[in-house]
Structures are given as C-alpha cells and as structure tokens.
Amino acid sequence: MTGALIILAAIVVVGVILRLLHKPEPEAPAATDPAAEAEAAEGEECCGMHISCEKDSLSPGVGEQPEYYDDEELDAFAGRPADSYTDAEAEAFREVLLTLRPEEIAGWYRAISLRGIELPVDVRDELIMIVSEARAVQTGAKQ
C-alpha cells in the first residue's frame, strides 16, 4: 500500500514539474487580408499534405467562378438538400464522379459547391473516400 502511494506521489510531482516547464507555442497572427494571404502562398508550392492546400482543398474559394466538368445537367439540383435525392438522381452524380480523373475530383466538388448543389449523402461519402485515398497515395509516394 505504501509503495503504491509513493509511486502515485512521484507521478504527481513529475506531472507538476512538466506542467511548469511547458511553454506553449505562440499563435501565428491571423491574416485579415485575403490578397496578402494569396501573395504569401503564391511562392509556395502545394505539397498536398495540408488540408488548406488550394489544389486539393474541397472548400470553395471566395469569389471563384465555378468550372464545369461536362455536368451542366446537375444544375437542376441546385438548392436541394443532400438527403432528398432518389437513387436514380444520386446515380447521375456518381456517374460524373466516376468519370473524373483523380486530380479533377477536388475541383469538381468545389465547382458543385459554388453552383449551390449539395451532393447526395452516399456520393459525398464516396468522394471523401476517393480524395483521402488519393492523398494517402500522394503522401506515400513523397516519402
């Protein structure tokens, strides 16, 4: 019993010492000017390792014009919630997704988002899986 108390006291002392010695990293100041961010990122090459990488990011850019990937028929679904599609309608999205080259998928999703179109839930899950697999292959190839 006393041995357990000695070990517990030693762990607490080490924890307190580590907490006192811990120096948090200073936070980077947030850039408020999008133009300054663009200029800073202009000289950097996208490595595909960061979620904010412009090349692979799934989030649409502000003020960006949507690009079309021979999918103009999907504009009819603008404004519909992701869970309201029939199986046939979801298959139309899946058909476009599966005909894209891997490097086009992130851009296609950004374009769809800019056009106000929500992907069907199951197609969105497939898209996320494809993008994460492509990133895993990319990171494995760079090591």
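Refer to the preceding data block for the structure.
What comes next is a walk through the structure. (Residues numbered from 1 in each chain as written. Predicted model: local features only at pLDDT ≥ 70, side-chain atom pairs only at ≥ 80, totals over all residues. Heavy atoms only, no water.)

### Details of the overall build of the protein
Scanning the protein from terminus to terminus reveals five helices and zero strands. Overall, the protein shows an N-to-C arrangement of helices and strands of α-α-α-α-α. Residue burial in the protein is summarised as follows: out of 143 residues, 24% are buried. Summed over its atoms, the accessible surface of the protein is roughly 10,500 Å², and 60% of this surface lies on carbon and sulfur atoms. (Helix = DSSP H or I, 4+ residues; strand = E, 2+ residues; numbered from the N terminus. Buried < 20%, exposed > 50% of the residue type's maximum accessible area, 1.4 Å probe, protein only. Areas by Shrake-Rupley, 256 points an atom, 1.4 Å probe, with all protein chains shown as cover.)

### Digging into the pattern of salt bridges
Under the counting rule described, the total for this entry stands at eight salt bridges. In this structure, Glu-91 engages Arg-94 in a salt bridge whose closest nitrogen and oxygen atoms are separated by 2.9 Å. In this pair, Glu-91 and Arg-94 both sit in helix H3 (residues 87-99), three residues apart, roughly one turn of the helix. Judged by relative accessible area, which is 15%, Arg-94 ranks as buried. As a salt-bridge pair, Arg-94 and Glu-126 come within 2.9 Å of each other at their nearest N and O atoms. Of this pair, Arg-94 sits in helix H3 while Glu-126 sits in helix H5 (residues 121-142), and the two are 32 residues apart along the sequence. Of the residues examined, Glu-126 reaches a relative accessible area of 23% and is grouped as partly exposed. A single salt-bridge network, built from bridges that share partners, covers Glu-91, Arg-94, Asp-122 and Glu-126. (Salt bridge = Lys/Arg side-chain N within 4 Å of Asp/Glu carboxyl O.)

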